[in-house]
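# Understanding the architecture of this molecule
Okay, here's what each chain looks like letter by letter:
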Amino acid sequence: MKDLIKKYESAKNKATAFMKNGQLNAYFEALLEMNKYKRLMVAVTAN
């Protein structure tokens, strides 16, 4: 679980940096990565 949290936070930081730089395509990719880790964290918590 800690590994998933670290990966989620890393993706969140990347998304913020991409947004500030105006790199929309990379920003959306980072958001999709965040969503993937968020769903995995919910699945781990549910089990």
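## Structural notes on the packing of helix α1 (residues 2–21) against helix α2 (residues 24–46)
Running from N to C, α1 and α2 cross one another at 160°; their axes reach a closest spacing of 8 Å. One element, α1, and the other, α2, form an angle in the roughly antiparallel class. Classified by chirality, the crossing of α2 by α1 is left-handed. Two secondary-structure elements touch here, α1 through L4, I5, K7, Y8, A11, K12, K14, A15, F18 and M19 and α2 through A26, Y27, A30, L31, E33, M34, Y37, K38, L40, M41 and V44.

## Thoughts on a nonpolar patch on the surface
Among the surface-exposed residues, M1, I5 and V44 lie close enough to one another that they form a single nonpolar patch of about 250 Å² accessible area. Here I5 lies in helix α1. Judged by its relative accessible area of 39%, I5 falls in the partly exposed class.

The rules behind each value
- The written sequence of each chain sets the order in which its residues are numbered from 1.
- Where local features are concerned, this predicted model is filtered to residues with pLDDT of at least 70; where side-chain atom pairs are given and counted, the filter is 80 or more; whole-chain, interface and lining totals use all residues.
- Side-chain descriptors were evaluated using all non-hydrogen atoms of the structure, hydrogens and water having been removed beforehand.
- In this analysis an axis means a line fitted to C-alpha atoms, helices contributing only their contacting stretch, and an angle means the value between N-to-C directions, from 0 to 180 degrees.
- Helix numbers and strand numbers start at the N terminus; a helix is a DSSP run of H or I with at least 4 residues, a strand a run of E with at least 2.
- By definition in this entry, angles of less than 35 degrees are roughly parallel, angles greater than 145 are roughly antiparallel, angles of 65 to 115 are roughly perpendicular, and the rest are oblique.
- Take the far helix as your reference; a near helix turned counterclockwise from it by less than a right angle gives a left-handed crossing, and one turned clockwise gives a right-handed crossing.
- In what follows, a contact means two residues having at least one pair of non-hydrogen atoms within 4.5 Å.
- In this scheme, patches are assembled from residues that exceed 30% relative accessible area and form no salt bridge. Like charges are connected within 9 Å, while nonpolar side chains (Val, Leu, Ile, Met, Phe, Trp, Tyr) are connected within 5 Å.
- Under the convention used here, a 1.4 Å probe and the Shrake-Rupley method define accessible areas, while residue burial counts only the protein chains that appear.
- What counts as a salt bridge is simple: a side-chain nitrogen of Lys or Arg found within 4 Å of a carboxyl oxygen of Asp or Glu.
- Whether a residue is buried, partly exposed or exposed follows from its accessible area with a 1.4 Å probe, protein chains only, as a fraction of its type maximum: under 20%, in between, or over 50%, in that order.

Functional significance is not addressed by these values, which are geometric in nature.
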